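Geometric and topological summary
Letter by letter, the chains look like this.
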Amino acid sequence: MLRKLLSTMAAALFVAGPAIAQDTAEPAEAPVSVPAEENILHLDLSTGGRVTIQLFPAIAPNHVERVKTLARQGFYDGIIFHRVIDGFMAQTGDPLGTGAGGSELPDLKAEFNKFPHLRGVVSMARAQSEDSANSQFFIVFYPRFSLDNNYTAFGRVTAGMQYVDSIQRGEPPQNPSRILQASVAIDGKGPPAPSSQSGTAEQEITIDDLNAPINP
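For clarity, every value in this text was computed on a predicted model and none was experimentally measured. (Residues numbered from 1 in each chain as written. Predicted model: local features only at pLDDT ≥ 70, side-chain atom pairs only at ≥ 80, totals over all residues. Heavy atoms only, no water.)

A few points about the overall build of the chain
Filter applied, for reference: The helix count covers DSSP runs of H or I at least four residues long, the strand count covers runs of E at least two residues long, and both are numbered beginning at the N terminus. Residues are treated as being in contact if the distance between any of their heavy atoms lies within 4.5 Å. Accessible surface area values rest on a Shrake-Rupley calculation with a 1.4 Å probe, where residue burial reflects the displayed protein chains alone.
Regarding its fold elements, the chain presents 4 helices and 8 strands. Taking the contacts inside the chain whose residues are at least 6 apart along the sequence as the reference set, 70% of them involve residues at least 24 apart. When the accessible area of the chain is evaluated, it comes to approximately 13,200 Å², of which 55% is carbon and sulfur surface.

Overview of the pairing of strand β8 (residues 179-184)
The condition that has to hold: Note on exposure labels: buried denotes an accessible area under 20% of the residue type's maximum, exposed denotes more than 50%, and partly exposed covers the range between, all computed with a 1.4 Å probe on protein chains only. At least two DSSP bridges between two strands are required for those strands to pair.
Across the 6 residues that make up β8, a large majority, 6, are buried. Pairing analysis gives 5 bridges linking strand β1 (residues 40-45) to β8, with the strands arranged antiparallel. Residue pairing for β8: histidine 42 is matched across the bridge by serine 183.

Quick word on the nonpolar core
For soluble globular proteins, the rule of thumb is that nonpolar side chains tend to be buried together. Formally: In this description, a nonpolar core means a group of buried Ala, Val, Leu, Ile, Met, Phe, Trp, Tyr and Cys residues linked to one another through side-chain atoms lying within 4.5 Å.
Formed by 30 residues in total, the largest nonpolar core has its most connected members in Leu43, Tyr76 and Phe154. By residue number, the principal contributor to this core is helix α2 (residues 61-73), which donates 4 residues. In contact with phenylalanine 154, other than residues within four places in its own chain, are Gln54, Leu55, Phe56, Ala60, His63, Val64, Val67, Val122, Ser123, Met124 and Phe137. Phe88, Met89, Phe138 and Val140 belong to the second-largest nonpolar core, a separate cluster that totals 6 residues.

A word on the sheet that holds β1
Here is the rule: Here an axis means a line fitted to C-alpha atoms, over the contact stretch when the element is a helix, while the angle between two N-to-C directions is reported on a 0 to 180 degree scale.
Pairing is antiparallel across the open sheet formed by 8 strands, whose spatial order is β3-β4-β6-β5-β7-β2-β1-β8. In this open sheet, the two edge strands, each paired with only one partner strand, are β3 (81-85) and β8. Averaged over all pairs of adjacent strands, the angle between strand axes in this sheet comes to 25 degrees, irrespective of strand direction. The pairing of β3 with strand β4 (residues 89-92) spans 4 bridges and is classified as antiparallel. Each bridged residue has a counterpart across the sheet, and for valine 84 the counterpart in β4 is alanine 90. Seen against the sheet, α2 touches β1, β2 (50-55), β5 (121-124), β7 (153-159) and β8 and runs at an angle of roughly 120 degrees to β8.

Some points on the packing of aromatic side chains
This is how it is decided: Put simply, two rings from Phe, Tyr or Trp (the six-membered ring, in Trp's case) pair if the centres are within 6.5 Å, and we call them stacked under 30 degrees between planes, edge-to-face over 60, tilted for the rest. Comment: the charge-over-ring label is applied if NZ (Lys) or CZ (Arg) is within 6 Å of the ring centre and within 35 degrees of the ring normal.
One pass over the full model with this rule turns up 5 aromatic pairs. For the ring pair phenylalanine 75 and tyrosine 76, a centre distance of 5.3 Å and an interplane angle of 85 degrees mean the geometry is edge-to-face. Since its relative accessible area comes to 1%, tyrosine 76 is described here as buried. Among the aromatic residues, those joined into a ring-pair cluster are Phe75, Tyr76, Phe137 and Phe154. In this structure, arginine 126 packs its charged tip against the face of tyrosine 151, placed 4.5 Å from the ring centre. Above the face of the phenylalanine 88 ring, arginine 144 is positioned so that its terminal group lies 4.3 Å from the ring centre.

Below, the structure is given as structure tokens:
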């Protein structure tokens, strides 16, 4: 009798076990896959070419999202580099061109991180308040580790650094370089037409110009 009772209990546990496991287990969610090109920013500069920037959403998600949003709005197109210090960095992103402007979007909470401010790192500019970043950012010419954990690094140049190096220096520069177009790689925007990369139209050369005497 006891053997029969134990056998019945064992059978009941065998049947109930999987059912209990199914009731308590939570379905696993598949990780969201984001194409790599969604986090690559292109800056077409008046200095002659395209700068490619790898964005870092893992360490500064809100800052990356802000820059991509403004780029897709065309906010950065035509904006100058208003503060460019040789051996330090080139700053842009102010529609006023004075360093006092920004977008209509609210300021961002700081996302300070341990990514070092190496050559080519792109970081968000801000006022004295840690939570005052908005639209302005800068690209570092040479390492500045004193900026680490004080400014939010959100990307790094992976191609076209020579066009960053060619940005006109000054605070502000006399003849400032500018962003002709900012775009997110996945959106597939090509560089602007060559005619839009020049501030002034090229003057037509006439026969009289060719025959004019050469002044020493």
